[in-house]
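Now for the letters of each chain:
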Amino acid sequence: MPDEHRPYRPHQPPPRRSRLTRRGRLALLFGALLGIGLATLVTGPLLPEEEPPEKPRRLLIPEGWRAAQVYAAVDRELRLPAGTTKAAVATTALDLPAEAKGNPEGYLFPATYPVTKESTPASLLSFMVRTAHQKLATKPVADGAKAHGMTPYQTATLASVIEAEADGPADMGKVSRVVHNRLAKSMPLQMDSTINYALGRNTVDTTLGDTRIDHPFNTYARQGLPPTPIDSPGLRALAAAVAPTPGDWLFFVTVRPGDTRFSETYEEHKKHVAEFNRLRAAAGPPAKAAAAK
């Protein structure tokens, strides 16, 4: 029996749950995929991309190069105006010995150096000088220099002459012995390589007039080592400088490539020089007679 005090409410069926048609489900899925794609397009470019590591280029400094050649090579590698690296020497705090007086000749060690976009003339020159100190400090070189009473700078200077004069590594020890023997006898070194350095050239022909030039690097006229190194000596030349081959030689001349004649007497040496001059003359101009040292 109905309660007279309860308000009358007609019967209401439970609400029906809405159902997606197949077409509706496909539309919803497509919309979701489209939303993900747009999100990728929007956020993708905003993510930082990692750059691949830079592969360093290589700068080769060969044994026997002079400082001027090293400067030019650095300018070319870094695509800088000619003279930039040479000018940088004055403003770069290179770790040079006091004897060098700011001149890095002989301390631009020959090796292969990495070059990147961060490289500068100052960084490369500093790297070369540090490498030279490391090589001069190796135990055989350092101990040998002390045994001969030579400073590292004198060792680099002597090694630079050996590097320039020796026809190859096999002759370095003998060339070193000639230098040591001449120094011991207070004889001028009479090295054509120092004349070439003074005149800014490279030649195997030295005239009598060349030997008379008034120049600090004229070792025909002045005794002792040249005032500075004359090139960048390698480790083999440094080793030869402090460990010369035993012998009594005072003279040598490279008659032809691979044929260097070492002599104890001047008479024997003159015969070898005469053969050198004959071969040079037979080769035709611009041969010049070599001076007998």
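For the structure, check the block above.
Bear in mind that the values here come from a model prediction, so they are computed numbers and not experimental data.

(A) Spatial organisation of the environment of glycine 83. In this fold, glycine 83 is placed in the loop between helix 2 (67–77) and helix 3 (84–88). Sequence spacing of glycine 83 and alanine 68 is 15 residues, and the spatial spacing of their C-alpha atoms is 9.3 Å.

(B) Spatial organisation of the pattern of salt bridges. A complete count under the given rule lists ten salt bridges for this structure. For glutamate 77, the salt bridge identified is with arginine 57, shortest N-O distance 2.7 Å. Placement of glutamate 77 in helix 2 and of arginine 57 in strand 1 (residues 57–60) is noted, with a sequence separation of 20 residues between them. Across the pair glutamate 267 and lysine 270 runs a salt bridge, and its minimum N-O distance is 3.5 Å. Highlighted residues: glutamate 267 and lysine 270, both in helix 10 (residues 266–283), separated by three residues, approximately one helical turn. Given the relative accessible area of 34%, lysine 270 is considered partly exposed. One salt-bridge network, held together by shared partners, links Arg256, Asp259, Arg261 and Glu275.

(C) Representation of the nonpolar core in the model. By size, the foremost hydrophobic cluster in this structure holds 51 residues, and its most contacted members are Leu59, Tyr107, Leu108, Met128 and Ile162. Discounting residues that sit within four places of it in the chain, tyrosine 107 has contacts with Leu96, Pro97, Met128, Val129, Ala132, His133, Leu136, Pro152, Tyr153 and Ala156.

(D) Main features of the packing of aromatic side chains. The tally for this structure, following the rule as stated, stands at six aromatic pairs. Ring centres 5.0 Å apart and planes at 75 degrees place the aromatic pair tyrosine 113 and phenylalanine 127 in the edge-to-face group. Linking tyrosine 113 in strand 2 (residues 112–115) with phenylalanine 127 in helix 4 (residues 121–136), this pair joins segments that are 14 residues apart in sequence. Accessibility expressed as a relative area gives 31% for phenylalanine 127, which makes it partly exposed. An aromatic cluster is defined as three or more aromatic residues linked by ring pairs; in this entry it consists of Trp249, Phe252 and Phe262.

Cut-offs and rules
- Residues numbered from 1 in each chain as written.
- Predicted model: local features only at pLDDT ≥ 70, side-chain atom pairs only at ≥ 80, totals over all residues.
- Heavy atoms only, no water.
- Helix = DSSP H or I, 4+ residues; strand = E, 2+ residues; numbered from the N terminus.
- Salt bridge = Lys/Arg side-chain N within 4 Å of Asp/Glu carboxyl O.
- Buried < 20%, exposed > 50% of the residue type's maximum accessible area, 1.4 Å probe, protein only.
- Core = buried A, V, L, I, M, F, W, Y, C linked by side-chain atoms within 4.5 Å.
- Contact = heavy atoms within 4.5 Å.
- Phe/Tyr/Trp six-rings, centres within 6.5 Å; stacked < 30°, edge-to-face > 60°.

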